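Coordinates in review
Chain residues, written in single-letter form:
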Amino acid sequence: EPSLQDIRLALHPTFTSTQVQQLDHQTELVRDLFGRRYLPGYVGLNNLNKTDYLNCVVQALGHVKPLRDFFLLAPTDGSGSNDDGVTEG
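Read on for a plain summary of the structure. Keep in mind it's a predicted model, so treat the numbers as computed, not measured. (Residues numbered from 1 in each chain as written. Predicted model: local features only at pLDDT ≥ 70, side-chain atom pairs only at ≥ 80, totals over all residues. Heavy atoms only, no water.)

Section: the overall build of the chain
Spelled out, the test is: Labels follow the DSSP assignment, with helices taken as runs of H or I lasting at least four residues and strands as runs of E lasting at least two, numbered in each case from the N terminus. It only takes one pair of heavy atoms within 4.5 Å for two residues to be counted as in contact. Accessible surface area values rest on a Shrake-Rupley calculation with a 1.4 Å probe, where residue burial reflects the displayed protein chains alone.
The number of helices and strands found in the chain is four helices and two strands. Ordering the α and β elements of the chain from the N terminus gives α-α-β-β-α-α. Partitioning the intrachain contacts of the chain with sequence separation of at least 6 by distance along the chain shows that 32% fall at a separation of at least 24. Summing over all exposed atoms, the chain offers an accessible surface of approximately 7300 Å²; the carbon and sulfur share of this is 59%.

Some words on helix H4 (residues 65-73)
Convention followed: For every residue, the accessible area (1.4 Å probe, protein chains only) is compared with the maximum for its type, and the residue is labelled buried under 20%, exposed over 50%, or partly exposed between those bounds. The reported arc concerns the directions from the helix axis to the C-beta atoms and nothing else.
For H4, the set of buried residues is Arg68, Asp69 and Leu73. Viewed along the axis of H4, the buried residues span an arc of 115°, placing them on a single side of the element. Summarising the contacts, the buried residues of H4 are in contact with helix H2 (17-22) and helix H3 (52-62).

Quick look at the side chain of Asn55
With respect to the helices and strands, the residue Asn55 is situated in helix H3. What makes Asn55 buried here is its relative accessible area of 15%.

Describing unusual backbone geometry
Phi is positive for Lys50, which is not a glycine, with a value near 65°. As for its placement among the helices and strands, Lys50 is situated in the loop between strand S2 (37-38) and H3. By relative accessible area, which is 70% here, Lys50 ends up exposed.

As for a nonpolar patch on the surface
Operational definition: Note on patches: the residues involved have over 30% relative accessible area and no salt bridge, like charges join within 9 Å, and the nonpolar side chains Val, Leu, Ile, Met, Phe, Trp and Tyr join within 5 Å. We define a salt bridge as a contact between a side-chain nitrogen of Lys or Arg and a carboxyl oxygen of Asp or Glu at a distance within 4 Å.
On the surface, a nonpolar cluster with roughly 940 Å² of combined accessible area is contributed by Leu45, Tyr53, Leu54, Val57, Val58, Leu61, Val64, Leu67, Phe70 and Phe71. Within the residue set of the nonpolar patch, elements represented by two or more residues are H3 and H4. Take the nonpolar patch: its biggest share by element is five residues, from H3. Mapped onto the fold, Leu54 is located in helix H3.

A look at the pattern of salt bridges
This model, assessed by the stated rule, comprises four salt bridges. The salt bridge involving Lys65 is made with Asp24; its shortest N-O contact spans 3.5 Å. Placement of Lys65 in helix H4 and of Asp24 in the loop between H2 and strand S1 (30-31) is noted, with a sequence separation of 41 residues between them. Overall, the relative accessible area of 41% leaves Lys65 in the partly exposed class.

Description of the packing of aromatic side chains
The cut-off we apply is this: Each Phe, Tyr or Trp ring (for Trp, its six-membered ring) is paired with any other whose centre lies within 6.5 Å, and the angle between the two planes then decides the class: stacked below 30 degrees, edge-to-face above 60, tilted in between.
What the rule picks out here adds up to one aromatic pair. With a centroid separation of 5.1 Å and an interplanar angle of 80°, the aromatic rings of Phe70 and Phe71 are classed as edge-to-face. With a relative accessible area of 46%, Phe70 lands in the partly exposed category.

Structure below.
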């Protein structure tokens, strides 16, 4: 359904290699659906009852560039390949 494309992209974002490389040079803030400003590639996590320590670890690991890039470029459709046609595993 074409009219639901924006919702699909919000729920399952995909990134190209070029977009991931540009994250380190991004300085312009963008707005989310609620109008809150954020730096693309860095968003917070919801705190779910005494999970502060886990949120801290996830946020720290998210700033490790090779790890961040791996997860941003990982296939999300179960096909085993990302947008560059690179097959994983």
